[in-house]
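# Observations on the three-dimensional arrangement
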2 protein chains.
Amino acid sequence: YIKMRLSIIRTATNSFARGNYARISSSDLSFFEKAIGKDYVKTKEIENYTSDWTRQMKGSSECVLLPSSTEETSSIIKYCAEKRIAVVVQGGNTGLVGGATPIHDELILSTGRIKNNFHLEPSSGVLTLDAGFILADADNRLAEHGFMMPLDLGAKGSCQIGGCIAAGAGGIRLLRYGSLHSHLLGCTMVDGKGTILNLGGRLRKDNTSLHTAHLAIGSEGQLGVVTSVTMGVVPRPLSILSAMLAVSSYSDCIRILSLARSKLGEILSSFELIDGETMKCVESHLPLKNVFQGSHDFYLLIETHGSNGDHDAEKLNQFVEEALGMELAVDGVAANSENERAHMWRLREESPIAAAKDGYIYKFDVSLPLEHFYRLTEETRDKLKGRGRVYCYGHLGDGNSHLNVTTDGEDEELKKELSPFVYNWVVSHGGSISAEHGIGQLKRDYRSLGKSASESSLIRSLKGVFDPHSILCPYKMISTQD
Amino acid sequence: YIKMRLSIIRTATNSFARGNYARISSSDLSFFEKAIGKDYVKTKEIENYTSDWTRQMKGSSECVLLPSSTEETSSIIKYCAEKRIAVVVQGGNTGLVGGATPIHDELILSTGRIKNNFHLEPSSGVLTLDAGFILADADNRLAEHGFMMPLDLGAKGSCQIGGCIAAGAGGIRLLRYGSLHSHLLGCTMVDGKGTILNLGGRLRKDNTSLHTAHLAIGSEGQLGVVTSVTMGVVPRPLSILSAMLAVSSYSDCIRILSLARSKLGEILSSFELIDGETMKCVESHLPLKNVFQGSHDFYLLIETHGSNGDHDAEKLNQFVEEALGMELAVDGVAANSENERAHMWRLREESPIAAAKDGYIYKFDVSLPLEHFYRLTEETRDKLKGRGRVYCYGHLGDGNSHLNVTTDGEDEELKKELSPFVYNWVVSHGGSISAEHGIGQLKRDYRSLGKSASESSLIRSLKGVFDPHSILCPYKMISTQD
């Protein structure tokens, strides 16, 4: 892990006052030990659970519980609901907003041991797996049968599938395979009363009830603990190709996106942007070279996933030639080997690492309508007037910008100004202040920005249905206390 | 429309007793006339609204209201909630389970005039449109910009997009483009209190709240009136190709599906089955010829949607050759012209018409895990022992079987036996008794089959959040009265 000096921007810390929850007693611990086994009730050496992976967000907890099944999870939650014990649910602990980190002394329920069942139906491509399976491990198992997990993200080596659902994970292939809503067919969730809810099923079409399983996506543990997931998986592509383009204006980037949609059509899987400042930052902080001579204002990384390498190469080459011929791109290269492809992706995937090495860092994960996507970067630069450096990279195809600001040292004034500026700008331009990372504790104070009172009231009512005692993940995305 | 002698299978008609709702008075009518205009409060000649399109399900109603906007819809529902007037919501009235048809004297709220706003963002492919737009009209408007509605179904010339969301429409291209969950980004819904809920938005990635918009899909008007929909649309394919295969066993059909997934990959858009009995029925009742000489046990209709005709043709030919070479298919033809392609689709799309001409008809819309898909047809044939004819056709790629049974005349005994047999068989084999048509009034008595008490309780609680007075679409999918 990279050590980051990360600006944790929480403004109204008062709203994090401890709720009226019970404190854990020795008889509670005895109950848990009986329910799931002594070895799986941890009270010591639990720092890996009480901090997030960046070690910037820290809470404390009396114990970590590691149930191995839906039933054990249910018995724990039922007990906690009766006793009014607050619980925070944790998967692979790879989140970026502290959603899985306790704030006060919440009990930590980790889903890491819930990984007994893994069943693929090869004829339909329907997979049921327990929540604790790690994304990359699940993907490796699918590879043996010619299938692939449709989502892919940086944390794949540690994140768990249950946590992916709860986080509403997006990732780098959303453009091609769609969001988790495209794939989820059903899930098992233990609600805040300990009730086991089997929602949806294994069928691609089923209109016999409300499609409640979809409420689990992006729910951040507020409604229940996801213990099992059923989803459609996709055929593993037989051909993966990448190309990079150098572009001199943002409007040309958007024209190239339209060209890619029509020329690459069904095989277009990623359309990523790295701006010129970010590329300079990568080159100066990392032992990585740009693939182009000289510097340009924008770089696009385009990837295809297909079933026929010859066809895909022909499409990709035609697309690159047309982008150059129409003078939308000033330069273009296609990767000729797996090494070259990996090099292109390192430029994009290590952009956050380079930015983190550039100084004290303020990270944003916003999405915007494409007409406003890059203006946020420009206007943030204008606002800072040299007080900091602004980097923009992200999933342009999805409108998802990872805006980073760095300063030489911690700048208290900037810290106070920056988030309200960015978040208000984003919301007033029809964007989202959290494209894929969620709300958690980090963005809690901004969670109502741009939301109507009726929507806020609706989600509180839904929370009340699933978790009437509000014991799950308090002080975060949905709080019934304020 | 074809006149069908359709078996409407409702067993426990007692459960349809009129609820304790207010009856409509002249002062109510005055309020409605003031709210939306006299011309749009219809009390006469409303048979097109009080019956479903097959004219088999009939209710009555004092009036039909045709609001033109979300705001007018809100003022109507707010009033009805206060007065406890029951309301049934109706789109294009193309449903197949009577979900939009009143049972007693529910007021009918038609969304047909809510069609002012239609906005496409061409760079991102995000479309916002009012609920009353007809699917085919919306698709035609998108064609001008190179986009396409991702869903396609028989009723596209009449069904409205709001109704498609409420019905959770599936259709013939789900295999390629995914369900509505893959496309929906947001919607505006007027809940049972008249509150306007703006859920989700125009962004492909937004993790700032619960993903509540997805609850609208398949909700059958139980939670609210969908008045506006925001969804991702897809690039219009530049090449559409079809082929048919004749196959001698169901297990070979499944092997061919796996072959299609790997050989056609990203361009496979439909994988439809017509069984031998259905093809004979088509040939004997309609002026339509099979594309193959002689008769076979199974026929598959395979379609591709792609961006490059040469590539697609090469893939499709390779696939057909391999299916024949591996002796999975006994015969195969690819369509060489638009006429030949249309002919293949007529065989599939007119299968229900042929079955309806075959006698008194009992229609089913079930989905099943693929290993059980065709056994239902075989076991239904065994059970009937010649008392009726059994036809199976459907979307094999989605596990969705449209099983039809016909008899020469109405058979009261069979009527009593058939639905319980089919539905119990389906549920005990992990299937759904309603793959895409929904529950409505037709399948209401079977809606709890295979559902857990906790799920039923959950959906009643959710209904209570959105529609606390239970005025929306009573006596159907979710009833708070029983």
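Bear in mind the structure is a predicted one, so any value in this text is a computation, not a measurement.

## What to know about the domain arrangement of chain A
All names here are of chain A.
- Taken domain by domain, chain A consists of domain 1 (11-236 + 451-482), domain 2 (239-352) and domain 3 (359-445).
- Each of domain 1 and domain 3 has a C-alpha centre, and the two are 27 Å apart.
- Contact with domain 1, which involves 25 residues of that partner, is made by 13 residues of domain 3.
- Summing the contributions of domain 1 and of domain 3, the shared interface buries around 1,600 Å²; its carbon and sulfur component is 53%.
- Joining domain 1 to domain 3, the criterion identifies zero salt bridges.
- Scanning the region where domain 1 abuts domain 3 turns up eight residue pairs in polar contact (both at pLDDT 80 or more).
- For the side of domain 1 that touches domain 3, a count of residues per class yields 13 nonpolar, nine polar and three charged.

## With respect to the interface of chain B and chain A
- Facing the 82 residues of chain B at the interface are 82 residues of chain A.
- For the pairing of chain B and chain A, the buried interface totals around 6,300 Å² over both sides, and the portion due to carbon and sulfur atoms is 58%.
- The three residues of chain B that bury the most area against chain A are Lys205(B), Asn207(B) and Leu210(B), which together make up 14% of that side's buried surface.
- Linking chain B with chain A are four salt bridges, by the criterion used here.
- With a closest N to O distance of 3.2 Å, Lys205(A) and Asp398(B) form a salt bridge.
- On inspection of chain B and its partner chain A, the count reaches 43 residue pairs in polar contact (both at pLDDT 80 or more).
- Elements with a minimum of two residues in the side of chain B that touches chain A: α6 (174-177), β9 (196-200), α7 (250-263), α9 (309-325) and α14 (453-466) of chain B.

## Some points on the pairing of strand β19 (residues 400-407) of chain A
Residue and element names in this part refer to chain A.
- A large share of β19 lies buried, amounting to eight of its eight residues.
- Neither face of β19 is exposed, since Asn400, His402, Asn404 and Thr406 on one face and Ser401, Leu403, Val405 and Thr407 on the opposite face are all buried.
- Pairing analysis gives two bridges linking strand β17 (residues 366-367) to β19, with the strands arranged antiparallel. The residue bridging Ser367 from the neighbouring strand is Asn400, located in β19.
- As paired strands, strand β18 (residues 389-395) and β19 are joined by seven bridges and run antiparallel to one another. The residue of β19 that forms the bridge with Tyr393 is His402.
- Between β18 and β19, which pair antiparallel one after the other, the connecting turn spans four residues, and Gly399 there sits at a positive phi close to 70°.

## Here we look at the sheet that holds strand β5 (residues 118-121) of chain B
Residue and element names in this part refer to chain B.
- Pairing is antiparallel in the open sheet, where five strands are placed in the order β5-β6-β10-β8-β9. Sheet topology places β5 and β9 at the edges, where each strand pairs with a single neighbour. Across this sheet, the average inter-strand angle for adjacent strands is 15°, counted without regard to direction.
- Inspection of the sheet shows β5 paired to strand β6 (residues 126-130) by four bridges, in the antiparallel sense. Note that in β6 the partner of His119 across the bridge is Thr128.

## A word on the relation of the copies chain B and chain A
- Mapping chain B onto chain A calls for a screw motion: a turn of 180° about the axis and a shift of 0.0 Å along it, with 0.0 Å RMSD after fitting. One copy is carried onto the other by what is essentially a two-fold rotation axis. In terms of C-alpha distance to the rotation axis, chain B has Ser182(B) as its closest residue, with the C-alpha 2.0 Å off the axis.
- When the interface residues of chain B are mapped onto chain A, 100% of them are again interface residues, pointing to one common binding face.

## With respect to a negative patch on the surface
- Together, Asp310(A), Glu314(A), Asp310(B) and Glu314(B) line one region of the surface with negative charge.
- For the negative patch, the secondary structure elements donating two or more residues are α9 (309-325) of chain A together with α9 of chain B.
- With respect to the helices and strands, Asp310(B) occurs in helix α9.

## Structural notes on α9(B)
- Taking 1.5 Å of rise per residue, the 17 residues of α9(B) would be expected to cover 24 Å, and the 24 Å separating its terminal C-alpha atoms lies within 8% of that figure.
- Looking at the buried residues of α9(B), the elements they touch are α9 of chain A together with β12 (239-247), α7, β14 (298-306) and β15 (331-334) of chain B.
- The N-cap of α9(B), judged by a side-chain oxygen 3.1 Å from the amide nitrogen of Asp310(B) a few residues on, is Asn308(B).
- Positive phi appears at Glu327(B), one or two residues downstream of α9(B), with a value of about 60°.

Definitions and limits used
- Residues numbered from 1 in each chain as written.
- Chains lettered and ligands numbered in written order.
- Predicted model: local features only at pLDDT ≥ 70, side-chain atom pairs only at ≥ 80, totals over all residues.
- Heavy atoms only, no water.
- Domains from an automatic or database assignment.
- Contact = heavy atoms within 4.5 Å.
- Buried area = accessible area lost by both parts, 1.4 Å probe.
- Salt bridge = Lys/Arg side-chain N within 4 Å of Asp/Glu carboxyl O.
- Polar contact = N/O pair within 3.5 Å; in protein donor to acceptor, adjacent residues only side chain to side chain.
- Nonpolar A, V, L, I, M, F, W, Y, C, P; charged D, E, K, R; others polar.
- Helix = DSSP H or I, 4+ residues; strand = E, 2+ residues; numbered from the N terminus.
- Buried < 20%, exposed > 50% of the residue type's maximum accessible area, 1.4 Å probe, protein only.
- Pairing = 2+ DSSP bridges.
- Axes fitted to C-alpha atoms, helices over the stretch in contact; angles between N-to-C directions.
- Least-squares fit on C-alpha atoms with pLDDT ≥ 70 in both.
- Patch = residues over 30% accessible without salt bridge, like charges linked within 9 Å, V, L, I, M, F, W, Y side chains within 5 Å.
- Areas by Shrake-Rupley, 256 points an atom, 1.4 Å probe, with all protein chains shown as cover.
- Lys, Arg positive; Asp, Glu negative; His and termini not counted.
- Charge placed at Lys NZ, Arg CZ, Asp CG, Glu CD.
- Expected span 1.5 Å × (residues − 1).

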